[in-house]
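Fold and contact review
Listed here are the chains, written in short residue letters.
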Amino acid sequence: MSTKKVFLSTLLLTACAISSCVCRNDSVNTQIIAHRGFWDKLGSAQNSISSLHNAIDFGAYGSELDVHLTQDGYVVLNHDDDYQGVNIQGAAYADLSALRLANGEPLPTLQQCIEVAKTQNTTKLIVEIKPHHSLEADVRAANVVVKVINESGIADLTDYISFSADICKELIKLNPQHRVAYLNGDKSPQELKAEGYWGLDYSEGTLHDHPTWINEAKELGLTTNVWTVNSLDEMQYFLQQGVDYITTNHPELLKGLLN
Ligand code: MG
């Protein structure tokens, strides 16, 4: 083959590669979920009212928050089971109300978040119900959270996620229309579809280990979400994969790639 033909072939292949890459990105409408709210700002804290306000002001698709049920039936935000040495699920709300987050806020309740969320209709609450200590406690937590959400009239503004298959099962049983995504990474897209899930919400590592799952989920009509994506490289990778949602600690960094 002549040098000119080789040059033209290379040019053509490069153009095709660029074209297919752009096409894949252009077809994506990936949305941003702020992980534990948009807390990476001065004066904010994870799982705080401030971080929810920031996510709303930013225009995120969703503000993710972690919730536990206290022994006396309050739904309280916190990532870990314990806060400052107090086990949340084993405590009464009165035992928690004096505790303060890093920015000085009291530990928020789901009801307080709802009051903020109700002031707008753009940013959803992505409610992660943490596993509780027994099947009975998981079922109770799912029922109480759904009751609080429904009685507040923000069901349309709420997506549910959990690592607990029992909690997810109860959420789907309570209403098959609930938007429930599974976090734990040990169910295939086919299993999730068969069990009535809305989508998968898996870690970067799980989706790298199972590179066909994003497309399989899409073909089954499931939504796809990946957590917690904080590096540019990983953001670009999952944008090219065409996931529906990326959960991140750095919403502004991700937004810069979407513009
Ligand atoms: Mg969470």
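So, here is what we can say about the structure in this document. Residue numbers restart at each chain and count upward from 1, following the sequence in its written direction. Where totals are concerned, whole chains, interfaces and linings use all residues; where local detail is concerned, this predicted model gives features only for residues with pLDDT of at least 70, and gives and counts side-chain atom pairs only at 80 or more. Note: side-chain values were computed over all heavy atoms of the structure, leaving out hydrogens and water.

**Observations concerning the overall build of the protein chain**
To keep things clear, this is the line we draw: Here a strand is any run of E in DSSP of at least two residues, a helix any run of H or I of at least four, and the numbering for each starts at the N terminus. Under the scheme applied here, a residue whose accessible area is under 20% of the maximum for its type counts as buried, over 50% as exposed, and between as partly exposed, the area being computed with a 1.4 Å probe on protein chains only. Accessibility throughout is a Shrake-Rupley quantity obtained with a 1.4 Å probe, and a residue counts as covered only by protein chains that appear here.
Each helix and strand in the protein chain was counted, giving 11 helices and 11 strands. When the 259 residues of the protein chain are sorted by exposure, 49% land in the buried category. Within the structure as shown, the protein chain displays about 12400 Å² of accessible surface, and the carbon and sulfur contribution to it stands at 52%.

**Re the packing of helix α5 (residues 135-151) against helix α6 (residues 165-174)**
Operational definition: Whenever a helix is involved, its axis is fitted only over the stretch in contact; in every case the axis is a line through C-alpha atoms, and angles between N-to-C directions fall within 0 to 180 degrees. Working rule for angles: under 35 degrees goes down as roughly parallel, over 145 as roughly antiparallel, 65 to 115 as roughly perpendicular, anything else as oblique. What makes a crossing left-handed is the near helix being turned counterclockwise from the far one by less than a right angle; a clockwise turn instead makes it right-handed. Only heavy atoms enter the contact rule, under which two residues are in contact if any of them lie within 4.5 Å. Ten residues, namely Ala, Val, Leu, Ile, Met, Phe, Trp, Tyr, Cys and Pro, are considered nonpolar, four, namely Asp, Glu, Lys and Arg, are considered charged, and the remaining ones, Gly among them, are considered polar.
Between α5 and α6, whose axes approach to 9 Å, the crossing angle comes to 45°. In terms of axis orientation, α5 runs oblique to α6. Once α5 is placed against α6, the crossing between them reads as right-handed. Side by side, α5 and α6 meet where L135, D138, V139, A142, N143 and V146 of the first sit next to D166, I167, E170, L171 and L174 of the second. In terms of residue class, the contact of α5 with α6 is built from 7 nonpolar, 1 polar and 3 charged.

**Section: the packing of aromatic side chains**
The criterion, for reference: Aromatic rings from Phe, Tyr and Trp, taking only the six-membered ring of Trp, are treated as a pair when their centres fall within 6.5 Å; an angle between ring planes under 30 degrees marks them as stacked, one over 60 as edge-to-face, and anything in between as tilted. The criterion is that NZ of a Lys, or CZ of an Arg, lies within 6 Å of the ring centre and within 35 degrees of the ring normal, and then a charge sits over that ring.
Evaluated as defined, the whole model comprises 9 aromatic pairs. Aromatic side chains F163 and W227 sit 5.7 Å apart centroid to centroid with 80° between the ring planes, which places their arrangement in the edge-to-face category. Remark: W227 occurs in strand β10 (residues 223-227) and F163 occurs in the loop between β7 (158-162) and α6; sequence separation between them is 64 residues. A residue is classified by how much of its surface remains accessible, and F163, at 27% relative accessible area, is partly exposed. Here Y182 and Y202 contribute two aromatic rings whose centre-to-centre distance is 6.4 Å and whose plane-to-plane angle is 70°, an arrangement assigned as edge-to-face. Within this pair, whereas Y182 is found in strand β8 (residues 180-182), its partner Y202 is found in strand β9 (residues 199-203), the two being separated by 20 residues in sequence. We classify Y182 as buried; its relative accessible area is 3%. Grouping aromatic residues by their ring pairs yields a cluster made of Y182, Y197, Y202 and W213. A cation over an aromatic ring shows up here: K187 above the ring of Y182, its NZ or CZ 5.6 Å from the ring centre. When the ring centre of F58 is taken as reference, the NZ or CZ atom of K255 above it lies at 4.7 Å.

**Brief notes about the coordination of the magnesium ion**
Put simply, the rule reads: Each metal's donors are the N, O and S atoms within 2.8 Å of it, or within 3.2 Å when it is Na, K or Ca, and because water is not part of the set, sites may look incomplete.
Taken together, the protein ligands of the magnesium ion are E64 (OE), D66 (OD) and E128 (OE), with distances of 2.0 to 2.1 Å. One chain supplies every donor for the magnesium ion, spaced along it as E-x1-D-x61-E. Taken together, the positions of E64 in strand β2 (residues 62-69) and E128 in strand β6 (residues 124-129) put the pair 64 residues apart, joining distant regions of the chain.

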